[in-house]
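Summary of the model geometry
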Amino acid sequence: MWRRAATAALALGAGAGAHAVATSEDPARTLKICRHLPPRLLRDSVAAATIAFDYHYSLWGLQPDSPAWLTAKRDAHLRSAHRLQDLCFRNGGIYIKLGQHIAQLEYVLPQEYVQTMRESMLKRCPVSSYEDVQGVFKKEIGELPETVFAEFDPVPLASASLAQVHAATTHDGKKVAVKVQHDHLLDTSVIDIATVDLVVNALSYIFPTFDYRWLVDEIRESAPKELDFLCEAQNSERCLVNFRKLSPHIANSIYTPKVYWNLSTSRILTMEYIDAKEVTDVKGIKDLGMRPVDVSNLVNKAFAEMIFKHGFVHCDPHAANMMIRPLPQDSKKWFGSKRPQLVLLDHGLYKELDHATRINYASLWKALVRADENGIKEYSIKLGAGEDLHVLFAGVLTMRPWKSVIDPSFGHLVLDGNNTDRSEMQMYANLYFPQISELLRRLPNVILLMLKTNDCLRAVNHALVGGSTPESFEIVARVSSEAVFEAKRMEKRFFLYRFIIWLEELLMEFHLLKMKLWLHYQQPMKLLAG
């Protein structure tokens, strides 16, 4: 095992170096990459070899699945997660993005990895010096930020894996938020992706059941788009247009900051400054006169519309990328509370679902909400899970065991967020780890990103209302059904077919009405129980 790890580590170094030379287009860039390359390669090689060594010798001589073996494995998971966390922070850039991906893969990776990354990667991102920020401005615009803007705060408001945001004021008095890419990131991203690829391939070679090469494939595809802020700006505007055209009933409740194109480049993005609360700031939301449950429902509606109707989905909806404020110029109130407006930030990572994938995915969720076993199997197969793994796919999507997925009761998919729910799913994740790896290998990348999006939204709902609510599944049922029925109407237009569709819609409305009545009954019961 150790020999394998050493071989993999050497291959990591040699392969990454060759890749850097082969992909460099000019001597200056090659020199810059090579300056960052040796320490990264050394850290990667040591981390991969140490993790492999730790697992092998920690479990050596122990009976598989025995209490001692399970304890040793959990301890090895935790040590290795901290080593990977340290590697991500020290290398920065794309490695931080990898850590953030891992933080969202709940019940897919061991919890020790997920929790370690979740506690650090979303909040403790590296900060570039002001000199680096000035360097980016000089390269991109040819002037310093204090010249481009009337005022520019050198202390960033926030920092993320790829960039940091500064408050500024334009020369005509408008307050703006300026997103500045970390210096050298564009140059080092090429070698970072190559070395991340080699780390994951090395671990896959050492541990055959660990096959997360799909994660590297996704980073390789998405990173160039996320590093182009003009692409992000276009995504932001397209997102808002989609809501106005395709979802006008909630368009006023969704907002993206205005882009100042004349002050933006591929590495600098100047946007309207938004004064709002982070989506999971429950106290701040209440202080502004809004209810967390209304915020949760709005988030669920927005993403259901994006996924099932628009087919153009913001795939990084963690808490730092969503803000909430009262709906501007709104005199109406819901039960004495102000109506919320969702402000979406960081539009670098979007995914398009083609028509067939979008409708199959909507049909699958319609079947999940209805506990339609045949429909779940049919559309899971169409999406790539296969006949043998459709049960597992349903479990990964809903975070519920199969017996709950096919339970006909209205609250069968509700997650209370309690320890029993979490322990049960963690047990299933550990038990079926090789099958989960195989499922992720089979599924197309766009569905893998939908899984990540679901995990992000689940975490937001947990922070707001303590889990998933029955209302959230009523929203998913309604929007997915509307998308499916609209697609059916467009396929065939003769009268009998439309009449059948109308009957299906009538039955679905009846089901949703029963669900709503059940919800109204459950709410006073919960209050009485409390």
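Rules used throughout
Residues numbered from 1 in each chain as written. Predicted model: local features only at pLDDT ≥ 70, side-chain atom pairs only at ≥ 80, totals over all residues. Heavy atoms only, no water. Helix = DSSP H or I, 4+ residues; strand = E, 2+ residues; numbered from the N terminus. Contact = heavy atoms within 4.5 Å. Buried < 20%, exposed > 50% of the residue type's maximum accessible area, 1.4 Å probe, protein only. Pairing = 2+ DSSP bridges. Salt bridge = Lys/Arg side-chain N within 4 Å of Asp/Glu carboxyl O. Core = buried A, V, L, I, M, F, W, Y, C linked by side-chain atoms within 4.5 Å. Patch = residues over 30% accessible without salt bridge, like charges linked within 9 Å, V, L, I, M, F, W, Y side chains within 5 Å. Areas by Shrake-Rupley, 256 points an atom, 1.4 Å probe, with all protein chains shown as cover. 1 Å grid on protein atoms, 1.4 Å probe; cavity = no way out; pocket = protein on both sides within 12 Å on 5 of 7 lines; lining within 4 Å. Points joined across faces, edges and corners; volume = space filled by probe spheres on them. Nonpolar A, V, L, I, M, F, W, Y, C, P; charged D, E, K, R; others polar.

Section: the side chain of Glu 305
With respect to the secondary-structure elements, Glu 305 resides in helix α12 (residues 292-310). Those residues in contact with Glu 305, other than ones at most four positions away along the chain, are Phe 243, Leu 246, Ser 247, His 249, Ile 250, His 310 and Val 479.

Quick word on the pairing of strand β12 (residues 340-344)
Here β12 lies mainly inside the structure; five of its five residues are buried. The two faces of β12 match: Pro 340, Leu 342 and Leu 344 on one face and Gln 341 and Val 343 on the other face are all buried. Note that strand β5 (residues 254-255) and β12 share two bridges and pair parallel. Looking across to β12, one finds that Tyr 255 is bridged to Val 343. Where strand β9 (residues 322-326) lies against β12, five bridges are found, and the strand directions are antiparallel.

Quick word on the sheet that holds β9
Strand order across the open sheet formed by four strands is β5-β12-β9-β7, with mixed pairing between neighbours. Both outer strands of the open sheet, β5 and β7 (277-278), are each paired with one neighbouring strand and no more.

Notes on the pattern of salt bridges
In the structure shown here, the tally under the stated rule is 24 salt bridges. Among the ionic pairs, Glu 352 bridges to Arg 238, the shortest N-O distance being 3.1 Å. With Glu 352 in strand β13 (residues 350-352) and Arg 238 in helix α10 (residues 229-246), this pair connects stretches of sequence that are 114 residues apart. Across the pair Arg 441 and Glu 438 runs a salt bridge, and its minimum N-O distance is 2.7 Å. Of this pair, Arg 441 and Glu 438 are both found in helix α18 (residues 433-442), three residues apart, which corresponds to roughly one turn of the helix. By relative accessible area, which is 48% here, Arg 441 ends up partly exposed. Salt bridges sharing partners connect three or more residues here, namely Lys 97, Glu 226, Asp 316 and Lys 452.

As for the nonpolar core
Of all hydrophobic cores here, the largest spans 83 residues; its most connected members are Phe 308, Tyr 361, Leu 368 and Phe 393. A per-element tally of this core places helix α20 (residues 470-491) first, with eight residues.

Some details on a nonpolar patch on the surface
The grouping of Phe 499, Ile 500, Trp 502, Leu 503 and Leu 506 at the surface amounts to a nonpolar patch, some 460 Å² of accessible area in total. Inspection of the secondary structure puts Leu 506 in helix α21 (residues 495-529).

A word on empty space enclosed by the protein
Taken as a whole and assessed by the stated rule, the structure comprises six cavities of 30 Å³ or more. Space inside the largest cavity adds up to approximately 300 Å³. Lining the largest cavity are 18 residues; nearest its centre among them are Asn 300, Trp 365, Asn 454, Leu 457 and Val 476. Elements that contribute at least two residues to the lining of the largest cavity include exactly α12, α13 (355-370), α15 (390-398), α19 (445-465) and α20. A per-element tally of the lining of the largest cavity places α12 first, with five residues. When its residues are assigned to classes, the lining of the largest cavity shows 11 nonpolar, six polar and one charged. Each pocket or cavity is described by its volume, and for the second largest cavity that value is around 70 Å³. Every residue lining the second largest cavity is listed: His 101, Leu 105, Trp 214, Leu 215, Glu 218, Asn 445, Leu 448, Leu 449 and Lys 452. At the level of secondary structure, the elements contributing two or more residues to the lining of the second largest cavity comprise α9 (213-226) and α19. Per-element accounting of the lining of the second largest cavity gives the leading share, four residues, to α19.

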